[in-house]
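# Per-entry structural report
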Amino acid sequence: MKNFLYEHGIEFFSMIPLSGCKVIKPYLLEKNGFDENANVIVMLFPYRSEKRPVNLSVYASVKDYHKYVEILSEELEKYIKSRYPSALFKVFADHSPIDEVHAACVSGLGFIGDNGLLINEKYSSFVFLGECITNLSPEKLGLEYATNTCVRECLHCKKCALACPSHCIAKDDARPKSECLSAITQKKGTLSENEENLILENGSIWGCDICQNVCPFTKNASFTPIKFFKEDVIALLDMKVLDGMSDEEFYERPFSWRGRAVIERNAKLYEKHKSN
Ligand code: B12
Ligand code: SF4
Ligand code: SF4
């Protein structure tokens, strides 16, 4: 298993029992037949390429990581099924039964920043998280359970809290996560004047990276070695680029899950801002 993961460019992975995870969507475990004895292989997928986006967050500028996980999952299925035909396993990312940030921390792959994100020593927080849940034991997979957890402490330097335009990070009077700019860019329907202003002032029409960019751990962080995240990076997204995308191309992008109307509304706001 270690060789399979290294060969697929996955440098950071670790195994923990499911019983050590925070389950946030139990129905996903039940639906896939997992019980409390299952194990979890947590994986990090670094995604920041050297091409810096102008009006998007880094995660929105690269191809959709859900597609990357689909491809990885198919290859992992071939690998595991050829050795253990009746094994139960499934790869999740984002739409996951568990709190992924917590799982990556307790499996020793990094620590949780005050910005709420998993920070890895090499790639900072610009890593997507995914996990393979399985009924196979660590011995069968040639792995062992993680022995170190949450490898270090965040610096608590407050840079993220001070820079957050939505005041979602402050310890004492933080605003709810629903007010996070990232959540606002993904909201359907008409935005309030305040919400529109937040998008206009901060210049990202999908997602928000402010609390990651100011973090001292990002300063010397490495870029992704994974080919999938280095190809077709979009630096600037406007109506011209969106209009030129076929439906097939559009559905390769991370902002497509909300449909065309939401990203087009935001792109129009960006154009209004530019023309002022
Ligand atoms: C819903 C969601 C959002 C929502 C709300 C976030 C929230 N936390 O409520 C919105 C849309 C705002 C959002 C935004 C973003 N998200 Co998001 N999001 C999720 C999702 C799907 C679920 C999060 C959740 O509900 N967790 C459960 C609740 C209860 O957790 P919580 O309150 O945040 O805090 C928990 C942990 O942080 C942990 N914890 C907190 N402190 C500590 C301390 C210790 C010591 C320990 C052990 C644990 C711990 O325990 C808490 C309670 O369970 C996860 C994927 C997943 N399945 O986990 C991705 C995920 C967290 N998001 C991700 C990303 C990339 C982002 C953005 C950076 C995208 C962007 N560029 O715009 C922003 C960052 C915003 C921010 N600073 O958090 C990545 C994070 C990768 C990483 N390195 O951490 C995830 C893991 C998706 C993925 N598979 O890669 N997100
Ligand atoms: S900016 Fe400072 S306080 Fe915020 S996550 Fe990074 S190290 Fe922690
Ligand atoms: S993603 Fe942006 S709005 Fe959300 S917590 Fe970080 S800095 Fe604040």
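Check the entry above for the structure.
Everything in this summary refers to the structure shown in the same document. (Residues numbered from 1 in each chain as written. Chains lettered and ligands numbered in written order. Predicted model: local features only at pLDDT ≥ 70, side-chain atom pairs only at ≥ 80, totals over all residues.)

### Quick notes on the overall build of the protein chain
The condition that has to hold: Comment: elements are numbered from the N terminus, with helices defined as DSSP H or I runs of at least four residues and strands as E runs of at least two. The quantity called the radius of gyration is restricted to C-alpha atoms. Its globule counterpart is 2.2 Å times the number of residues to the power 0.38. Put simply, a residue is buried when 20 or more other C-beta atoms lie within 10 Å of its own C-beta and exposed when 12 or fewer do; between those, it is partly exposed, and each C-beta is set from the backbone.
The helix and strand tally for the protein chain stands at 14 helices and 6 strands. For 276 residues, the compact-globule formula gives about 19 Å, and the C-alpha radius of gyration of the protein chain, at 19 Å, lands near that figure. If you line up the protein chain on its principal axes, its C-alpha atoms span 60 × 45 × 35 Å. By residue count, 38% of the 276 residues in the protein chain fall in the buried class.

### A few points about the sheet that holds strand β3 (residues 89-92)
The condition is simple: Only strands joined by at least two bridges in the DSSP assignment are considered to pair. A fitted line through C-alpha atoms serves as each axis, taken over the contacting stretch for helices, and the angle formed by two N-to-C directions is quoted from 0 to 180°. This entry defines residue contacts through backbone-placed C-beta atoms, with two residues in contact when those atoms are within 7 Å.
Here we have 4 strands laid out as an open sheet, ordered β1-β2-β6-β3, and antiparallel in their pairing. One side of each edge strand has no neighbouring strand; the edge strands of this open sheet are β1 (13-17) and β3. Going across the sheet, the axis of each strand differs from the next one's by a mean of 20°, ignoring polarity. Pairing between β3 and strand β6 (residues 127-134): 4 bridges, direction antiparallel. In the strand pairing of β6, K90 is matched with I133. Sitting on the sheet, helix α4 (residues 65-83) is in contact with β2 (39-46), β3 and β6, with an inclination near 165° to β3.

### Some thoughts on the packing of helix α9 (residues 193-202) against helix α14 (residues 260-275)
This is how it is decided: Take the far helix as the reference: if the near one is turned anticlockwise from it by less than a right angle, the crossing is left-handed, and if turned clockwise, right-handed. Residues are sorted three ways: Asp, Glu, Lys and Arg are charged, Ala, Val, Leu, Ile, Met, Phe, Trp, Tyr, Cys and Pro are nonpolar, and all the rest, Gly among them, are polar.
For the pair α9 and α14, the least separation of the axes is 9 Å and the interaxial angle reads 65°. Remark: the crossing between α9 and α14 carries right-handed chirality. Along the contact surface, α9 presents E196, I199 and L200, while α14 presents N266, L269 and H273. Of the residues belonging to the contact of α9 with α14, the class tally is 3 nonpolar, 2 polar and 1 charged.

### Focus on the site of ligand 3
Where we set the bar: Any residue qualifies as near a molecule or strand once its backbone-derived C-beta atom lies within 6 Å of it.
Lining the immediate environment of ligand 3, one finds N115, C164, P165, S166, C168, I169, C180, L181, S182, C208, I210 and C211. If you list the elements that add at least two residues to the shell around ligand 3, you get α8 (181-185) and α10 (210-213). Residues of the shell around ligand 3, tallied by class, amount to 9 nonpolar, 3 polar and no charged.

### Structural notes on the pairing of β1
With respect to burial, β1 is a largely interior element, 4 of its 5 residues being buried. Taken together, the 5 bridges between β1 and β2 define a ladder with antiparallel strand orientation. Note on β2: the bridge partner recorded for F13 is M43.

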